[in-house]
Amino acid sequence: MKRAANLLVVAAILCSTTDTAAQKVSKPNIIFIMTDDHGWQATSAYTDSLIRTPHIDRLATEGALMKQAYVTNALCGPSRAVILTGKYSHLNGFKGNREQFDGSQQTLPRILKKEGYQTAIVGKWHLNSNPTGFDYWNILPGQGNYYNPGFIKMGKDTVYNGYVTDITTDLALDWLKDHQQAPFFLMVHQKAPHRNQMPPLENLDLFNDRTFTFPETFFDDYRGRPALQRQLNKMAGDLEVDHDSKMRCDTCTTRDGIKWARRKYLHEAGRLTPAQQETWHKAYQHEYEAFSRIKTKEELRRWQYQRYMEDYLRCVKSVDDNVGRLLQYLDENGLAENTIVIYTSDQGVFLGEHGLFDKRFMYGEAFRTPMLIRYPRGIAPGQRKDQMVMNLDVAPTLLDFAGVAIPDDMQGASMKPLLAGTAVKNWRDKMYYHYYDKGFGTTAHYGIQTVRYKLIRFYDPVDAWELYDLEKDPKEMKNLYTDPHYAKVVEELKRALKVLQVQYKDTEAIAGMQPPKKGGKKPGVKAKKSKAAGKKG
Ligand code: SGN
Ligand code: CA
């Protein structure tokens, strides 16, 4: 009942845009907040089993929650390039993290700028070339650092004292304070909670009393899934006790099965000032002691999982608090009504599911991402949307809300009709995914997901197919590809996959991605050398 009333309110708002008076209403402002590796499992608007994120959740209470939001290629740079262009990686040219984004192509900020928007980006960029289409940019080089981070401000190296999530928000607020006249488009890209999850000092005591339950699939044996078997993001064995679990190297031991990354961790921890280091070590002292008591590999694996979750969620808490700061600013300055706020992550992440950390795979934890959208003038509050949406849809959606024509070559669809409560016919009922990067032992793959099934083809270096019945096996543990009962399903999905590859013009995939020949040159992502901004990492 309340929902119907809400929809009526929005319908009235939308209809009124034909009135001359309403036409004078300015174009919406846009704040696009994106974090790095923030899983929907750690966003309480989706599930509150891990953490409460009240500020992020507010966007859903006051706007819409996209329950089924996905990315086209679950990796940082590629996802960012898709959001900027509204095109798949094979068309925007940025397939893996080592590519260099071609900023001369058509992008969302370039179009909005031409339409009179003031445009800015602060925080993580990770596209290995300078941002284009922004009046103001102040970005982290590569992955950036958590403490006392360097930024590249319009091409100039600048170091800020403090914690990266707070600083990125400060920079966003500083810019906002000077740009309230014309419509603005501001991208706030947080580094957190990306690896190596260094929490802010004030959160170091959070979750000390919690024991996190292992996800059901934590002890996955990877049977029948060779690509999973060979990857190197396993919580058991691939987490580094200093870099990830924050142990001091004076406790370094060469015990079997323990991985250290001394240089990497010193590089990060060494950025803290002596005063910050004192607080840091004091807070972790009980962990240093706990680590020294660990005797077996099994104990180590269990302890490292707890350590991972604590620091990850401490970073998420800070992200949420900083979303709160941005929303408060909008409230206090009368900007909330006419500003579209999107919150999303560059992709999802494994938090122990399948025994993993990191992302990359087309499995649900990495492929799916949180997405919440608030726009009081055009989106009724409290909506929970079931349609499959993708990061591919962000650019067309924002252009649509801004009243700008969506270029024909953008491959996503505008979510505006879904959000505005207009009847929508022919919304996508299947999604196409293509991941290329081979970092950390992963295998390039593409696939299709429908409401019921997921079919994945791994092609380099592993050559294998996987099929999941998501209704019967939502956790994706049983590969049914060779099960004769599913032969017809496989056949139909392969046909549908081809149709999507043609629709999205993935010509390489249509031609057939070939597994590497023994001794031959492997297909895959070519690294390009660049001295441009954002290159490191
Ligand atoms: C770094 C991380 C990896 C991560 C990649 C890509 N290792 O290499 O865990 O997968 O970035 O992440 S770290 O030890 O350097 O932190 S992405 O989000 O930028 O694509
Ligand atoms: Ca990421």
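This text follows the structure it describes.
From a predicted model like this one, the values you see are computed outputs, not experimental measurements. Chains are numbered independently. Their residues run from 1 in the order of the written sequence. Both sets of labels track the order of writing: A upward for chains, 1 upward for ligands. Residue-level local features of this predicted model are given only where pLDDT is at least 70; pairs of side-chain atoms are given and counted only at 80 or more, and the full residue set underlies all totals for whole chains, interfaces and linings. As a convention, hydrogens and water are excluded, and side-chain values are obtained from all of the structure's heavy atoms.

Peer 1: Which residues make up the sheet that holds strand β13 (residues 453–460), and what are the values?
Peer 2: Any two strands are treated as partners once DSSP identifies two or more bridges connecting them. Note on conventions: DSSP H or I runs of at least 4 residues are helices, E runs of at least 2 residues are strands, and numbering of each starts at the N terminus. With antiparallel pairing, the four strands of this open sheet are ordered in space as β11-β12-β13-β14. For this open sheet the edge positions go to β11 (430–435) and β14 (464–469), each flanked by a neighbour on one side alone. Within the sheet, the average angular offset between the axes of one strand and its neighbour, ignoring direction, is 10°. The pairing of β13 with β14 spans six bridges and is classified as antiparallel. Bridge assignment links K454 to a residue of β14, and that residue is Y468. Against the sheet, helix α15 (residues 487–503) makes contact with β11, β12 (444–450), β13 and β14, and its axis sits at roughly 110° relative to β12, the strand it touches most. Angles shown run from 0 to 180 degrees and are taken between the N-to-C directions of axes, each axis being a line fitted to C-alpha atoms and, for helices, limited to the stretch in contact. Note on contacts: a residue pair is in contact if any heavy atoms of the two residues lie within 4.5 Å.

Peer 1: With reference to specific residues and values, describe the sheet that holds strand β9 (residues 371–374).
Peer 2: Strand order in the open sheet formed by 10 strands is β6-β5-β4-β3-β7-β1-β8-β9-β2-β10, with mixed pairing between adjacent strands. Each edge of the sheet is formed by a strand with only one pairing partner; in this case those strands are β6 (156–159) and β10 (383–390). Pairs of neighbouring strands in the sheet enclose a mean axial angle of 20°, with direction left out of account. Bridging between strand β2 (residues 64–70) and β9 involves two bridges; their strand directions are antiparallel. From the neighbouring strand, L65 faces β9, where its bridge partner is L372. Taken strand by strand, helix α7 (residues 164–177) contacts β1 (29–35), β3 (118–123), β4 (136–139), β5 (150–153) and β7 (184–189), and its axis lies near 170° from that of β7.

Peer 1: How would you summarise the state of the cysteines if you had to cite specific residues and measurements?
Peer 2: Note on terminology: disulfide denotes any pair of cysteine sulfur atoms within 2.5 Å. On inspection of all chains with the given rule, the structure shows one disulfide. The residue that forms a disulfide with C249 is C252, at a sulfur-sulfur distance of 2.1 Å. Every disulfide takes its handedness from the sign of the S-S torsion; for C249 and C252 that torsion is -60°, giving left-handed. Each residue is placed in one exposure class: buried if its accessible area under a 1.4 Å probe, protein chains only, is under 20% of its type's maximum, exposed if it is over 50%, and partly exposed if it falls in between. Judged by relative accessible area, which is 35%, C252 ranks as partly exposed.

Peer 1: Describe the pairing of β14, listing the residues and the values that go with them.
Peer 2: Taken across its six residues, β14 has five buried, putting it largely inside the fold. Counting the residues in the hairpin turn of β13 and β14 gives three residues.

Peer 1: Which residues make up the coordination of the calcium ion (ligand 2), and what values do they have?
Peer 2: Within the protein, the calcium ion (ligand 2) binds to D36 (OD), D37 (OD), D346 (OD), D346 (OD), Q347 (OE1) and Q347 (NE2); these donor distances fall in the range 2.1 to 2.9 Å. In primary-sequence terms, the residues that donate to the calcium ion (ligand 2) follow D-D-x308-D-Q. We note that D346, like Q347, is buried. Coordination here is defined by N, O and S atoms within 2.8 Å of the metal (3.2 Å for Na, K and Ca), and since water is not considered, a site can look incomplete.

Peer 1: Which residues make up the environment of V451, and what values go with them?
Peer 2: Relative to the helices and strands, V451 is located in the loop between β12 and β13. Considered as a pair, V451 and D429 are 22 residues apart in the sequence and their alpha carbons are 6.7 Å apart. Those residues in contact with V451 that sit more than four places away from it in its chain are M388, D429 and L470.

Peer 1: Describe the nonpolar core, with residues and values.
Peer 2: Counting residues in hydrophobic clusters, the biggest one holds 101 residues, and the most contacted among them are M66, F185 and M371. With residues near it in sequence (within four places) discarded, M66 still touches Y46, M371, I373, K385, V389, M415, L418 and L419. Membership of the second largest hydrophobic core comes to 48 residues, among which are L356, Y432, Y446 and A464. The criterion is simple. A nonpolar core is a set of buried Ala, Val, Leu, Ile, Met, Phe, Trp, Tyr and Cys residues joined through side-chain atoms within 4.5 Å.

Peer 1: Can you explain the site of ligand 1? Please cite residues and give values.
Peer 2: Taken together, 16 residues form the shell around ligand 1, and within it N97, Q143, K264, D358 and R360 come nearest. The separation between an oxygen atom of ligand 1 and a polar side-chain atom of H194 is 2.9 Å. Compared with its free state, where it exposes 460 Å², ligand 1 has 87% of that area covered by protein. One heavy atom within 4 Å of a molecule or strand makes the whole residue count as near it. Under the rule applied, a polar contact is a pair of N or O atoms within 3.5 Å (in protein, one hydrogen donor and one hydrogen acceptor; residues adjacent in sequence only if both atoms are side-chain atoms). Working definition of accessibility: Shrake-Rupley area with a 1.4 Å probe, residue cover restricted to the visible protein chains.

Peer 1: So, the environment of E268: which residues are in play, and what are the values?
Peer 2: Mapped onto the fold, E268 is located in helix α9 (residues 262–269). Classification of E268 by relative accessible area gives buried; the value is 11%. Along the primary structure E268 and P149 are separated by 119 residues, whereas in three dimensions their C-alpha atoms are 9.9 Å apart. Sequence-distant contacts of E268, defined by excluding residues within four places in its chain, comprise N145, Y146, N196, M198 and H243.

Peer 1: Before we move on, can you summarise the packing of aromatic side chains with the specific residues and values?
Peer 2: Put simply, two rings from Phe, Tyr or Trp (the six-membered ring, in Trp's case) pair if the centres are within 6.5 Å, and we call them stacked under 30 degrees between planes, edge-to-face over 60, tilted for the rest. Inspection of every chain in the model, using the stated rule, returns 30 aromatic pairs. Plain terms: the ring middles of F218 and F219 are 5.0 Å apart, the flat faces sit at 75° to each other, and that makes the pair edge-to-face. For F218, a relative accessible area of 3% gives the class buried. Relative accessible area serves as the criterion here: at 43%, F219 is assigned to the partly exposed category. The interplanar angle of 80° and the centroid separation of 6.3 Å between the aromatic rings of Y453 and Y486 together place this pair among those described as edge-to-face. Note that Y453 is positioned in strand β13 and Y486 in the loop between β14 and α15, a separation of 33 residues in sequence. Through a chain of ring-to-ring contacts, three or more aromatic side chains come together here, namely Y146, Y147, Y163, W280 and Y284. By definition here, charges over rings are those cases where NZ of Lys or CZ of Arg is within 6 Å of the ring centre and within 35 degrees of the ring normal. Note that R368 overlies the ring of W40, its terminal NZ or CZ placed 4.2 Å from the centroid.

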